[in-house]
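Each chain, written out:
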Amino acid sequence: MGTDLAVPPIYSPFREAIHPQYQDIDQQTALWAEKFRIGSDELRGRLVRHDIGGFSARILPEGREEVVSLLSDFVLWLFGVDDGHCEEGELGRKPGELSGYLSRLLRVAQNPEAPMLLDDPLADGLRDLRRRVDRYGTAGQAARWVDALREYFFSVVWEASHRTAGTVPDLDDYTLMRLYDGATSVVLPLLEMGHGYELQPHERDNTRVRAAAELASFIITWDNDIFSYHKEAGGKDEFWLNALRVLERERGITPEAALDLAISQRDRATSLFLRLCERLRADASPQLRQYLDSLASFIRGAQDWGITSVRYTTPHDPARFPDAFRQTPVDASPEPLGISVVDWWWDLIPDGVRTADAEEPHSGR
Ligand code: 3E9
Ligand code: MG
Ligand code: MG
Ligand code: MG
Ligand code: MG
Ligand code: MG
């Protein structure tokens, strides 16, 4: 059984929105999963009930339908990897074998014509996803997508080494791992494709823009850790990684205190995200403005999906969730979190004051 931890309404200043074709998209994803036989029959039967189409329709509420559908199939595919192999499968406890398998999958993503993994449903599904990435994205975006898959794969191998050893990483390592193992960065190229533009490298890789994307990953995965705690703590596996569990261990605090601390961290990250986006918008191209809007939709979409999907509400053993969000943060501090791998985000806007003075970071950082 899951825990009885009650999650209060969390701070979300973002607008709720969903693509009007969300039901069709969700049904198409169920058909796609069946066609490619993603995951075991049992896992697939669960995944197609998780409203992954609705989640994707919230990430790109005004995006082109074909790309929302591609994103939806891709997210289900990612759960085929993350649940099917990493968290519930044998490879999740064999980091060496897992890295070999994921390297082969990566080659399929990069060169779908290569005659590899020919009897592997996830590889077949990935070939189809790559074909559609090529159709709706540029060569550069396809390459970014493959690179992002590599960083996700690399992080789940790190996670598998902890699972094998039964160790829980410290907060710094967990924060770094979580920027990638929540598979948020692999979604970013699809945000561009969803609206048919390509960010210039000097925009996308600008330090502040990258920090905004990383802040979105942090908020989405911390929120996931809050909303999936019930499912993860109550799961069959005694090994699971979650920010609350990391905080409990590191600080020697109760789950209730860890929940409060995680909420305070994600609130401060949300406030910084807002300030950073406001600053970036002042001289952003229309494409960059759309990208920042999509990051906000990604955050809000993960929240709306997180409190409603049966993946997390687990009706057979109900999680105690809020049914709304709050408009003000519990913790409005403009100070960094004291997590060395991400504290530099706060240096980009000193003390939250909007000034165009000598504090501009070097553009190439
Ligand atoms: C998320 O972490 C694992 C990803 C592979 C799920 C696929 C989702 C996305 C690409 C979008 C990001 C959305 C999130 C993080 C909700 P974890 O903790 O294994 O997810 P779980 O659903 O099991 O809590
Ligand atoms: Mg469904
Ligand atoms: Mg996972
Ligand atoms: Mg999981
Ligand atoms: Mg989770
Ligand atoms: Mg997990």
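Note that this is a predicted model, so its numbers are computed, not measured.

### Digging into the overall build of the protein
Tallying secondary structure elements over the protein gives 17 helices and zero strands in all. Against the compact-globule benchmark of 21 Å for 365 residues, the protein has a radius of gyration of 20 Å, which places it among compact chains. Taken along the three principal axes of its C-alpha coordinates, the protein extends 60 × 45 × 40 Å. Summarising the internal contacts of the protein: among those between residues at least 6 apart in sequence, 76% fall at separations of at least 24. Total accessible area on the protein is roughly 15,300 Å²; 50% of this is exposed by carbon and sulfur atoms. If the 41 positive side-chain charges of the protein are averaged to one point and the 60 negative ones to another, these points end up 3 Å apart.

### Quick look at the coordination of the magnesium ion (ligand 2)
The coordination sphere of the magnesium ion (ligand 2), as far as protein atoms go, consists of Asp26 (OD) and Val48 (O), spread over 2.3 Å. Residue aspartate 26 is located in helix H1 (residues 22-35), and its partner valine 48 is located in the loop between helix H2 (41-47) and helix H3 (52-59); the two are separated by 22 residues in the primary sequence. Take aspartate 26: its relative accessible area is 18%, and that puts it in the buried class. For valine 48, a relative accessible area of 29% corresponds to the partly exposed category.

### A few points about the site of ligand 1
Contacts to ligand 1 come from 20 residues, most closely from Glu87, Lys231, Glu232, Arg311 and Tyr312. A distance of 2.9 Å separates an oxygen atom of ligand 1 from a polar side-chain atom of asparagine 224. A distance of 2.8 Å separates an oxygen atom of ligand 1 from a polar side-chain atom of glutamate 232. Protein coverage of the free-state accessible area of ligand 1, which is 560 Å², stands at 98%. Put simply, the parts of the chain that give the shell around ligand 1 at least two residues each are helix H4 (65-87), helix H8 (171-181), helix H12 (229-233) and helix H16 (310-313). No other element matches the five residues that H4 contributes to the shell around ligand 1.

### Some thoughts on the nonpolar core
One recurring pattern in soluble globular proteins is that nonpolar side chains are buried together. In this structure, Trp77, Trp145, Leu149, Phe273, Tyr291, Leu295 and Trp345 are the most contacted members of the largest nonpolar core, which totals 116 residues. In contact with tryptophan 345, other than residues within four places in its own chain, are Leu179, Ala211, Glu214, Leu215, Phe218 and Leu272.

### Some remarks on the confidence of the model for the protein
Averaged over every residue, the pLDDT of the protein is 95; residues scoring 70 or more account for 95%. For the stretch residues 352-365, pLDDT sits under 50, and the model shows 20 contacts to residues farther than four places along the chain or on other chains.

### Observations concerning the packing of helix H5 (residues 95-110) against helix H6 (residues 121-136)
Two elements in contact, H5 and H6, have axes whose closest approach is 8 Å; the angle formed by their N-to-C orientations is 30 degrees. As the angle between them shows, H5 and H6 are arranged roughly parallel. For the pair H5 and H6, the crossing hand works out as right-handed. On H6, the residues that touch Tyr101, Leu105, Val108, Ala109 and Gln110 of H5 are Leu122, Ala123, Leu126, Arg127 and Arg130.

### Looking at the packing of aromatic side chains
This model, assessed by the stated rule, comprises 14 aromatic pairs. Between phenylalanine 14 and phenylalanine 273 the ring centres are 5.8 Å apart and the planes differ by 75 degrees, which places this aromatic pair in the edge-to-face class. Here phenylalanine 14 is found in the segment before H1, whereas its partner phenylalanine 273 is found in helix H14 (residues 255-281), with 259 residues between them in sequence. A single burial state applies to phenylalanine 14 and to phenylalanine 273, both of which are buried. Aromatic side chains tryptophan 345 and tryptophan 346 sit 6.1 Å apart centroid to centroid with 35 degrees between the ring planes, which places their arrangement in the tilted category.

### Observations regarding helix H13 (residues 243-251)
Ala243, Leu244, Arg245, Val246, Leu247 and Glu248 are the residues of H13 that are buried. On its buried face, H13 is in contact with H8, helix H11 (207-227), H12 and H14. The opening residue of H13, the one whose side-chain oxygen lies 2.8 Å from the backbone nitrogen of leucine 244, is asparagine 242. Just downstream of H13 lies glycine 252, where phi reads positive at about 65 degrees.

### Concerning the pattern of salt bridges
Scanning all chains against the criterion turns up 28 salt bridges. The partner of arginine 44 in a salt bridge is glutamate 34, with the nearest N and O atoms 3.1 Å apart. Here glutamate 34 lies in helix H1 and arginine 44 lies in helix H2, a separation of ten residues in the sequence. Of the charged contacts, one joins arginine 311 and aspartate 83 as a salt bridge, the two residues approaching to 2.8 Å between their closest N and O atoms. On the criterion of sequence distance, the pair formed by arginine 311 in helix H16 and aspartate 83 in helix H4 is long-range, its members being 228 residues apart. Of the two residues, arginine 311 and aspartate 83, neither departs from the other in class, the shared state being buried. A single salt-bridge network, built from bridges that share partners, covers Glu16, Arg58, Arg300 and Asp304.

Reading the values: the criteria
- Here the residue numbering is sequential within each chain, running from 1 through the sequence in written order.
- Chains carry letters from A onward and ligands carry numbers from 1 onward, assigned in written order.
- Only residues with pLDDT of at least 70 are given local features in this predicted model, and only at 80 or more are side-chain atom pairs given and counted; all residues enter the totals for whole chains, interfaces and linings.
- The side-chain values count all of the structure's non-hydrogen atoms but skip hydrogen atoms and water molecules.
- Elements are defined by DSSP. Helices are runs of H or I of four residues or more, strands are runs of E of two residues or more, and each kind is numbered from the N terminus.
- For the radius of gyration, the atom set is restricted to C-alpha positions; the globular benchmark scales as 2.2 Å times the number of residues to the power 0.38.
- Here a residue-residue contact requires only that any non-hydrogen atoms of the pair lie within 4.5 Å.
- Shrake-Rupley sampling with a 1.4 Å probe provides the accessible areas, and residues are treated as covered by the protein chains on show and by no other component.
- Counted as positive: Lys and Arg. Counted as negative: Asp and Glu. His and the chain ends are not counted at all.
- Where a charge sits is defined by one atom per residue type, namely NZ (Lys), CZ (Arg), CG (Asp) or CD (Glu).
- Each metal's donors are the N, O and S atoms within 2.8 Å of it, or within 3.2 Å when it is Na, K or Ca, and because water is not part of the set, sites may look incomplete.
- Per-residue accessibility, obtained with a 1.4 Å probe over protein chains only, is compared with the maximum for each type, and a residue is labelled buried under 20%, exposed over 50%, and partly exposed between these values.
- Here a residue is considered near a molecule or strand provided that any single heavy atom belonging to it is located within 4 Å of it.
- Pairs of N or O atoms within 3.5 Å make up the polar contacts considered here, provided that, within protein, one atom can donate a hydrogen while the other can accept it, and that residues adjacent in sequence are counted only when both atoms are side-chain atoms.
- Take the buried Ala, Val, Leu, Ile, Met, Phe, Trp, Tyr and Cys residues and link them wherever side-chain atoms come within 4.5 Å; each set so joined is a nonpolar core.
- pLDDT is defined as a per-residue confidence score from the predictor, taking values between 0 and 100.
- Between N-to-C directions, angles cover 0 to 180 degrees, with each direction set by a line fitted to C-alpha atoms, over the stretch in contact for helices.
- Between 65 and 115 degrees an angle is taken as roughly perpendicular, under 35 as roughly parallel, over 145 as roughly antiparallel, and anywhere else as oblique.
- It is the rotation of the near helix from the far one that decides the hand of a crossing: anticlockwise by less than a right angle makes it left-handed, clockwise makes it right-handed.
- Ring pairs are drawn from Phe, Tyr and Trp, using the six-membered ring of Trp, whenever the two centres fall within 6.5 Å, and their geometry is named by plane angle: stacked under 30 degrees, edge-to-face over 60, tilted for the rest.
- Each reported salt bridge corresponds to a side-chain nitrogen of Lys or Arg within 4 Å of a carboxyl oxygen of Asp or Glu.

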